[in-house]
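So the chains spell out like this:
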Amino acid sequence: MTKRNKLLVFILTIGVFGILNTEMGVIGLLPSIADHFHVSIPKAGWLVSLFALGVAISGPIMPLLFSGINRKKVMLLVLGIFVLGNIVSLFTFSFTITLVVRVILAFFHPIYCSLAFTVAASSASKEEAPKAVAKVFIGVSAGMVAGVPIASFINSAVSYEMAMAFFAIVNVIVFIATLIFVPSMPVEERLSYGTQFSVLKKTIVWLSIVTVILLNSAVFGVYSYLAEYLKTVTNMSPNTISLTLFIFGGANIIGNIVAGKSLTHNATKSIVTFPLLLGAVYIILFFTGQFTASMAIITFIWGILAGGIMANINQYLIASSAPEAPDFANGLFISSCNVGTTLGAAVGGLFISEMGTQYVVLVGVLSLLLSLVFILMRNYMGSSSVQNNLLDKKSI
């Protein structure tokens, strides 16, 4: 890969960090958001769930609508909208306006992320493409988890306003870098809408979509309220909460590396093992979450498993079920993840309202049990398909 292409991939990585950070960073600010707008914690959680719902709806559609436009222009458009949206969110005192702005941003979110995967892959040779995409995934993972403790730390060390300003600053930097360093990228050829939509006729694609929804629900149904859990159940101080969120974020990056290698060696085993281990961690968390020391250890292990599931395993499940339409598969991956985030955050808020913060862990356990059912169905269908292909070859 040339230096120019390496710079392009780096900008894309920081870009998806900024986009995902805008979405997920508010998780670490939910208690402060509730105080700032004088709303309950579950209502503040709408900022997470409605954003995710918007991404889920637009995920398969918006990337296709913009697929024929110069990619640099599209990236600048999306980044510009995120900068403006972040500025409005910073200065408004209306919770309703904040919700509306985040829904608007959510509809443009999948355009940039899907585009980043495609551009990264096309910037390298066929052999090097997976490595280029993996680097962009670091930005995705960092935005999903590292942005949370960073925002939480700024909130506790400086102010809520500066934490919100952090989201805008990252997107401004990427906008400028894209404007100066990214070359014009006109689209030369693309698959027809019909060709890409045709993958939805495959049963294994739908099994994969449901599996990803449940797996992301299992992670974010609990993680969306981790700051509140650490505050009310573990009784941690604000600085200790920030440190614990950093532990989760760092472990998440490790999880990406571990899951990537694991999928390469034995994909079928990996997509079963990670959810099973995460379920065990949740059960331990339920009984020992009130102890600070054990919570720190649990968070580290949880972060490794969640990191592997959120990016590598979820993306593998959908991409491997629709290899003939990679762009559309990326959109489905983003959409499915956000449906899961919406579902998990909404049910998690319900559990907190009805049963108490400690019981939010049960959302993760129940989602994982359901996901394992669909994983086994998917694996069975996949193995049956391979056997049928082998029989067809023998008959020929």
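Calculation criteria
- Residues numbered from 1 in each chain as written.
- Predicted model: local features only at pLDDT ≥ 70, side-chain atom pairs only at ≥ 80, totals over all residues.
- Heavy atoms only, no water.
- Patch = residues over 30% accessible without salt bridge, like charges linked within 9 Å, V, L, I, M, F, W, Y side chains within 5 Å.
- Areas by Shrake-Rupley, 256 points an atom, 1.4 Å probe, with all protein chains shown as cover.
- Salt bridge = Lys/Arg side-chain N within 4 Å of Asp/Glu carboxyl O.
- Helix = DSSP H or I, 4+ residues; strand = E, 2+ residues; numbered from the N terminus.
- Buried < 20%, exposed > 50% of the residue type's maximum accessible area, 1.4 Å probe, protein only.
- Contact = heavy atoms within 4.5 Å.
- Expected span 1.5 Å × (residues − 1).
- Bend = angle between axes of the 7 residues up to and from the residue.
- Polar contact = N/O pair within 3.5 Å; in protein donor to acceptor, adjacent residues only side chain to side chain.
- Disulfide = S-S within 2.5 Å.

> Report on a nonpolar patch on the surface, specifying residues and quantitative values.
Judged by side-chain polarity, Leu-7, Phe-10, Val-172, Ile-176, Leu-179, Ile-180 and Phe-181 come together as a nonpolar surface patch covering roughly 660 Å² of accessible area. Secondary-structure elements contributing two or more residues to the nonpolar patch are α1 (3-24) and α9 (160-181). With five residues, α9 is the single largest residue contributor to the nonpolar patch.

> Quick one: what's the story with the side chain of Ser-114, residue by residue and with numbers?
For Ser-114, the location among the structural elements is in helix α7 (residues 95-122). You can call Ser-114 buried: its relative accessible area is 3%. In this structure Ser-114 touches Pro-63, Asp-327, Asn-330, Gly-331 and Ile-334, once residues within four positions along its chain are discounted.

> How would you sum up α7? Please name residues and give values.
Taking 1.5 Å of rise per residue, the 28 residues of α7 would be expected to cover 40 Å, and the 41 Å separating its terminal C-alpha atoms lies within 8% of that figure. Of all bends in α7, the biggest is about 30°, found at Phe-108, and the proline Pro-110 comes one to four residues later. Among the 28 residues in α7, 20 count as buried, and that is most of the element. By the N-cap criterion, in which a side-chain oxygen at the helix start approaches the backbone nitrogen of a residue two or three places on, α7 is capped by Ser-94, the distance to Thr-96 being 3.4 Å.

> Can you explain unusual backbone geometry? Please cite residues and give values.
Of note in this structure, His-38 is not a glycine but carries a positive phi near 60°. Within the element layout of this structure, His-38 appears in the loop between α2 (30-37) and α3 (41-44). Given a relative accessible area of 71%, His-38 falls into the exposed group. A positive phi is found at Asn-235, a non-glycine position, where the angle reads about 60°. Counting through the fold element by element, Asn-235 comes out in the loop between α12 (226-232) and α13 (238-288). Residue classification places Asn-235 among the exposed residues on the basis of a relative accessible area of 60%.

> Go over α13, please, and point to the residues and values.
End to end, α13 covers just 20 Å across 51 residues, shorter than the expected 75 Å (1.5 Å per residue, more than 12% under). Asn-266 marks where α13 bends most, by close to 130°.

> Give a detailed account of the state of the cysteines, specifying residues and quantitative values.
By the definition in use, this model includes zero disulfides. There is no disulfide at Cys-113, and the cysteine sulfur nearest it, in Cys-337, is 11 Å away. Note on Cys-113: relative accessible area 2%, which makes it buried.

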